[in-house]
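For reference, the chains in residue letters:
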Amino acid sequence: MNGHLVAALRGAKSVFVLTGSGISAESGLPTFRGVGGLWRTHRVEELASPEGFARDPILVWTWYNERKAAHERAQPNAGHLALGQLEMAFDDFTLATQNVDSLHLRAGSRKVLELHGSLREARCTNCTARRPLSAAGLPRDEIDHSCGGRWRPDIVWFGESLPHDVWQKAQEAAARADVILVVGTSAVVYPAAALATNYNRAAFVAEINPETTPISNRVACALRGPAAEVLPQIVDSSLRRRG
Ligand code: BJW
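Residues numbered from 1 in each chain as written. Predicted model: local features only at pLDDT ≥ 70, side-chain atom pairs only at ≥ 80, totals over all residues. Heavy atoms only, no water.

1. So, the site of the ligand
As a reminder, the rule being used: Near, as used in this document, describes a residue that has one of its heavy atoms within 4 Å of the molecule or strand being considered. Throughout this description, a polar contact denotes any pair of N or O atoms lying within 3.5 Å of each other; where both atoms belong to protein, one of them has to be capable of donating a hydrogen while the other can accept it, and for residues adjacent in sequence the pair is counted only when both atoms sit in side chains. We get accessible surface area from the Shrake-Rupley algorithm with a probe of 1.4 Å; when it comes to residues, only the shown protein chains can shield them.
Contacts to the ligand come from 32 residues, most closely from R33, R67, E160, T185 and S186. Side-chain polar atom of S21 to an oxygen atom of the ligand: 2.8 Å apart, as the coordinates give it. Measuring from an oxygen atom of the ligand, one finds a backbone N or O atom of Y190 at 2.7 Å. The fraction of the free accessible surface of the ligand (1500 Å²) that becomes covered by protein chains is 74%.

Spelled out as structure tokens, the structure:
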């Protein structure tokens with residue numbers, strides 16, 4: 001374990017964590033861009049953009065329904081659970097996730113900001129109506145809403161803004177943190193990736209990822225391993241030494 005990271009966590013008052021799809025890899029959910037990633041079999045713009053949804057809503061819902069079913073089958077892994085444990089040790093702790101799989105909440109984390117939405121609900125493209133999604137997602141014959149709009153996943157697609165209040169809180173938490181953990185993200189999707197290194201020059205930033213990313217040369221420490229192995233080690237070492 002990296003002694004500098006453990007020391008930084010031991011002395012920290014404020015901790016910020018940014019997660020991406022890699023943290024759920026060991027729960028059996030594919031990442032987006034890696035080996036076996038979701039974008040290998042589907043074109044991004046067909047599935048994760050308002051234009052793609054307008055063109056073929058059934059294709060988009062088929063993809064999200066498959067993913068929703070996979071989320072329901074998946075269990076939080078040791079990485080999710082370790083972050084839930086870390087949260088309890090700090091008064092000021094924020095976990096911003098790009099994931100829509102709800103696994104952090106199911107692992108017991110409560111101070112969670114979902115930057116890209118979630119697959120728990122659908123919302124109307126035309127009015128403010130919302131509806132919960134069952135484990136099977138949205139039936140294909142229910143895509144049209146009575147107001148004339150369509151039900152869409154409550155997800156942030158390319159070209160869409162992140163929810164304003166969520167984004168504001170995430171920026172503020174990143175800016176005041178003493179330690180920032182960046183876990184399982186390729187750090188290529190903005191503005192989320194900016195939270196890792198752009199809002200705080202003083203924090204101790206650690207990346208947990210088996211691969212290098214565009215931010216790797218800007219972090220204080222890179223732990224190259226799977227999150228489900230590395231995070232429990234970090235949490236055990238730092239909480240033990242905090243007493
Ligand atoms: C492991 C592991 C293990 C494997 N343990 N790790 C500034 C610069 C450039 C572009 C832009 C910019 N600002 C905005 C843009 C445009 C765009 C963008 O970023 N494009 C880039 C891709 C070029 N951004 C947007 O459009 C955003 N909106 C926005 O900026 O609004 C303002 C605006 C409005 C109008 C015009 C312009 C701007 C919205 C972005 C929404 C992203 N949505 C998606 C899909 C929807 C959600 C869903 O369906 O789930 O979100 S894209 C997809 O990527 C998904 C993810 O949340 C996101 C991030 O991916 P993530 O999680 O990092 O996954 P991977 O696969 O990329 O990486 C996995 C990593 O895990 C790898 O590194 C592995 O090594 C690692 N790993 N196993 C630990 N066991």
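2. Here's the deal with the side chain of N77
Using the following cut-off: Secondary structure elements follow DSSP: runs of H or I of four or more residues count as helices, runs of E of two or more count as strands, with numbering from the N terminus.
With respect to the helices and strands, the residue N77 is situated in the loop between α4 (57–73) and α5 (78–88). From its side chain, N77 meets the backbone nitrogen of G79 in a polar contact 2.7 Å long.

3. With respect to the nonpolar core
We apply this condition: Only buried residues count toward a nonpolar core. Its members are Ala, Val, Leu, Ile, Met, Phe, Trp, Tyr and Cys residues joined through side-chain atoms within 4.5 Å. When accessible area is computed with a 1.4 Å probe and restricted to protein chains, residues below 20% of their type maximum are described as buried, those above 50% as exposed, and intermediate ones as partly exposed. Pairs of residues are marked as contacts when any of their non-hydrogen atoms sit within 4.5 Å.
Counting residues in hydrophobic clusters, the biggest one holds 26 residues, and the most contacted among them are L5, V15, V179, L181, I208 and L231. Residue assignment for this core shows that the elements contributing at least two residues are α1 (3–11), β1 (14–19), α5, β2 (92–97), β7 (179–183), β8 (204–208), β9 (221–223) and α9 (227–242). Looking at this core element by element, the count peaks at five residues for α9. Once residues lying within four places of it in the same chain are set aside, the contact partners of L181 are L5, F16, V17, L18, L86, A206 and I208. One finds A187, L195, V205 and V219 within the second-largest nonpolar core, a separate group that totals 24 residues.

4. Some points on α1
Side chains of residues three or four places apart in an α-helix project in the same direction, reflecting 3.6 residues per turn. Cut-off, in case you're wondering: As used here, the arc belongs to the directions running from the helix axis to the C-beta atoms.
Within α1, the full set of buried residues consists of L5, V6, A8 and L9. Angular distribution of buried residues about the axis of α1 spans 160°; they occupy a single face of the element. In α1, the exposed residues that point more than 90 degrees away from the buried face are H4 and G11. One side-chain oxygen at the N-terminal end of α1 lies 2.9 Å from the backbone nitrogen of H4; it belongs to N2.

5. A closer look at the packing of aromatic side chains
As a reminder, the rule being used: Between 30 and 60 degrees the pair is tilted, below 30 it is stacked and above 60 it is edge-to-face, where a pair is any two Phe, Tyr or Trp rings, Trp via its six-membered ring, whose centres lie within 6.5 Å.
Scanning the entire structure with this criterion turns up four aromatic pairs. Here F53 and W157 contribute two aromatic rings whose centre-to-centre distance is 5.4 Å and whose plane-to-plane angle is 40°, an arrangement assigned as tilted. One end of the pair, F53, is in helix α3 (residues 50–55); the other, W157, is in the loop between β6 (151–155) and α7 (164–176), and 104 residues separate them in sequence. The buried category is assigned to W157, whose relative accessible area is 3%. Ring geometry for W167 and Y199: centres 6.1 Å apart, planes at 75°, overall edge-to-face.

6. Concerning the pairing of β6
This is how the line gets drawn: Pairs of strands are assigned from DSSP output, requiring at least two bridges between the strands.
Counting buried positions along β6 yields five of five residues, so the element is predominantly enclosed. As paired elements, strand β4 (residues 117–124) and β6 share four bridges and run antiparallel to each other. Its bridge partner lying in β6, C124 is registered against W151.

7. Quick word on the domain arrangement of the protein chain
Selection criterion: Those domain boundaries reflect an automatic or database domain assignment. Buried area is a sum: the accessible area each of two parts loses on coming together, probed at 1.4 Å, counted once for each and added. Salt bridge, as applied in this entry: a Lys or Arg side-chain nitrogen positioned within 4 Å of an Asp or Glu carboxyl oxygen. Residue classes follow a fixed rule: Ala, Val, Leu, Ile, Met, Phe, Trp, Tyr, Cys and Pro count as nonpolar, while Asp, Glu, Lys and Arg count as charged, and any other residue, Gly among them, counts as polar.
The assigned domain composition of the protein chain is domain 1 (3–29 + 76–116 + 162–242) and domain 2 (30–73 + 120–155). Relative placement of domain 1 and domain 2: their C-alpha centres are 26 Å apart. On the domain 2 side, the residues contacting the 15 residues of domain 1 number 11 residues. In this assembly, domain 1 packs against domain 2 so that about 1000 Å² is buried in total across both faces, 56% of it on carbon and sulfur atoms. On the domain 1 side of the contact with domain 2, S21, L29 and V100 bury the most area, a combined 47% of that side's loss. Run the count over domain 1 and domain 2 and you get one salt bridge. Seen at the junction of domain 1 and domain 2, the total is three residue pairs in polar contact (both at pLDDT 80 or more). The residue inventory of the side of domain 1 that touches domain 2, partitioned by class, reads six nonpolar, six polar and three charged.

8. Thoughts on the sheet that holds β6
Defined as follows: Lines fitted to C-alpha atoms define the axes, with helix axes restricted to the stretch in contact, and inter-axis angles between N-to-C directions lie between 0 and 180 degrees.
One open sheet accounts for three strands, arranged β5-β4-β6; its pairing is antiparallel. Single-partner strands in this sheet number two, and they are β5 (130–132) and β6. If you compare each strand with its neighbour and ignore which way they point, the axes differ by 40° on average. The strands that α4 touches are β4 and β6; relative to β4, the one it contacts most, it runs at about 140°.

9. Here's the deal with the pattern of salt bridges
Evaluated as defined, the whole model comprises nine salt bridges. One salt-bridge network, held together by shared partners, links E121, R123, R130 and D154.

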